[in-house]
Amino acid sequence: MTFAGFGSAGRLFLNERQSMGFRRRVRSRCLPFALFALLAALSACDNEIPEPPEPQVAKTDPLRGNINVAIHSDQPGWGYTTNGFQYSGFDYDLGNWLGGEIGFNPTWIGASAGQRDDLLINGKVKLVLATYSITDERKKTVSFAGPYIVTQQGILVRTGYKKINKVADFAGKSACAVLGTTSLAQLEGQMDKKRITAEQGLSTCVERLLKGDVEMVSTDQLVLRGYASKNPDKLAVVEGLTFGYKEMYGVGLPHGNGAYCQEITAALKRFIESGAWDNFFRKHFPGIPDSDQYRPDPGALDPCPAT
């Protein structure tokens, strides 16, 4: 179809049609660019809106409900069992007392001295109550609340054995101590290391003593009193003989856990001041006249890490 026969009117109509087509093409070509600019502007606005903060999550669960607590299974007077589930001892009673005060139920996990650190570090237990001495070296990987007992190194011998009365008598004697303990390190500073047998558990050392394989066993004196009271006809603590630095027993905690520490430290203060400490001590260590030397000052318990 042509518009040649319509003269000037036809040419005007044709020009108008061509102009409209051009405008449509321009609009159609500009639409993608306009849409892109709009999306970019919206995106820029979105980027200016700050994201909501992440919810704060507690570092550890509270000490409530059933929790795993490590305890010795072979130390009479502290943590002892003959059937693997019914425990007795000062640490056992203290754990149950703390549970009643704070609101948790201990699930007892038997542990050797060398396992205590790893059980806390690996999260297998939340607490350790196992004659666990507070030391700067241990504080690098675990934390403590306490102390709840103060003691020193002592010596266990067979009943009637009279050849050891002072540290100088260690010379030429054979001894046994437990691997991974401060007791072994202190004993090595007092006698020939070659004459010391190191075992995984204290009960193995006591068995060696009873068999005559060694002449003495060394660890914290209060621990040794537990063995002597259980078997007084065969075992005796050397009275008046202590050596080394003071051992401070603490409740072992996950490293840096200030919340656990503050809660347990406050409970330990009440434990000592209320008379419960004295009751438990007399129960598990009868016959010791001067318990004051083993009782810590409730007003001078160790400070806790910041929460």
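Our subject in this report is the structure included herewith. (Residues numbered from 1 in each chain as written. Predicted model: local features only at pLDDT ≥ 70, side-chain atom pairs only at ≥ 80, totals over all residues. Heavy atoms only, no water.)

1. Topic: the overall build of the protein chain
Reasoning step 1: When its secondary structure is counted, the protein chain shows eight helices and 11 strands.
Reasoning step 2: Among the 307 residues that make up the protein chain, the fraction classed as buried is 45%.
Reasoning step 3: Long-range contacts, defined as pairs at least 24 residues apart, comprise 70% of the intrachain contacts of the protein chain with a sequence gap of at least 6. (Helix = DSSP H or I, 4+ residues; strand = E, 2+ residues; numbered from the N terminus. Buried < 20%, exposed > 50% of the residue type's maximum accessible area, 1.4 Å probe, protein only. Contact = heavy atoms within 4.5 Å.)

2. What about the nonpolar core?
Soluble globular proteins tend to pack their nonpolar side chains together in the buried interior.
Reasoning step 1: One finds F90, L98, Y148, L156, V251 and I264 to be the most contacted residues of the largest nonpolar core, which totals 54 residues.
Reasoning step 2: For this core, the leading source of residues is helix α7 (residues 258-273), giving seven residues.
Reasoning step 3: One finds A175, M191, V238 and L241 within the second-largest nonpolar core, a separate group that totals 15 residues. (Core = buried A, V, L, I, M, F, W, Y, C linked by side-chain atoms within 4.5 Å.)

3. A word on the environment of S133
Reasoning step 1: Looking at where S133 falls in the secondary structure, it is placed in the loop between β5 (127-128) and β6 (142-158).
Reasoning step 2: Discounting residues that sit within four places of it in the chain, S133 has contacts with R138, F144, T182, D220, E247, M248 and Y249.
Reasoning step 3: A distance of 2.6 Å separates polar atoms of two side chains, one belonging to S133 and the other to E247. (Polar contact = N/O pair within 3.5 Å; in protein donor to acceptor, adjacent residues only side chain to side chain.)

4. Focus: the packing of helix α2 (residues 90-102) against helix α8 (residues 276-284)
Reasoning step 1: Where α2 contacts α8, the two axes come as close as 10 Å, and the packing angle between them is 150°. Accordingly, the angle class assigned to the pair α2 and α8 is roughly antiparallel. The handedness of the crossing between α2 and α8 is right-handed. Along the contact surface, α2 presents F90, D93, L94 and W97, while α8 presents A276, W277, F280, F281, K283 and H284.
Reasoning step 2: Along the lines of polarity and charge, the residues of the contact of α2 with α8 split into seven nonpolar, one polar and two charged. (Axes fitted to C-alpha atoms, helices over the stretch in contact; angles between N-to-C directions. Parallel < 35°, antiparallel > 145°, perpendicular 65-115°, else oblique. Left-handed = near helix turned anticlockwise from the far one by under 90°. Nonpolar A, V, L, I, M, F, W, Y, C, P; charged D, E, K, R; others polar.)

5. A closer look at the pattern of salt bridges
Reasoning step 1: Under the definition given, this model contains 11 salt bridges.
Reasoning step 2: A salt bridge links K140 to E137; the nearest nitrogen and oxygen atoms lie 3.1 Å apart. This pair shows no difference in class: K140 is exposed, exactly as E137 is.
Reasoning step 3: Look at the salt bridges and you will find they share partners, linking E199, R208 and D213 into a network. (Salt bridge = Lys/Arg side-chain N within 4 Å of Asp/Glu carboxyl O.)

6. Some remarks on the packing of aromatic side chains
Reasoning step 1: Scanning the entire structure with this criterion turns up 17 aromatic pairs.
Reasoning step 2: Aromatic side chains Y92 and W108 sit 5.3 Å apart centroid to centroid with 45° between the ring planes, which places their arrangement in the tilted category. Separated by 16 residues along the polypeptide, Y92 in helix α2 and W108 in strand β4 (residues 104-110) bring together distant segments of the chain. The same class applies to Y92 as to W108, namely buried.
Reasoning step 3: Here the aromatic residues W78, F90, W97, Y148, Y249, F271, W277, F280, F281, F285 and Y294 are joined through ring pairs into a cluster of three or more. (Phe/Tyr/Trp six-rings, centres within 6.5 Å; stacked < 30°, edge-to-face > 60°.)

7. A word on α7
Reasoning step 1: The end-to-end C-alpha separation of α7 is 22 Å, in line with the 22 Å expected for 16 residues at 1.5 Å each.
Reasoning step 2: Among all positions of α7, only G258, Y260, C261, I264, T265, A267, L268, F271 and I272 are buried.
Reasoning step 3: Buried-residue contacts for α7 involve α2, β5, β6, β11 (243-254) and α8.
Reasoning step 4: The distance from a side-chain oxygen at the start of α7 to the backbone nitrogen of A259 is 3.4 Å, and the residue carrying that oxygen is N257.
Reasoning step 5: In the segment just after α7, G275 is the residue with positive phi, at about 100°. (Expected span 1.5 Å × (residues − 1).)

Honestly, it's all geometry; don't read function into it.
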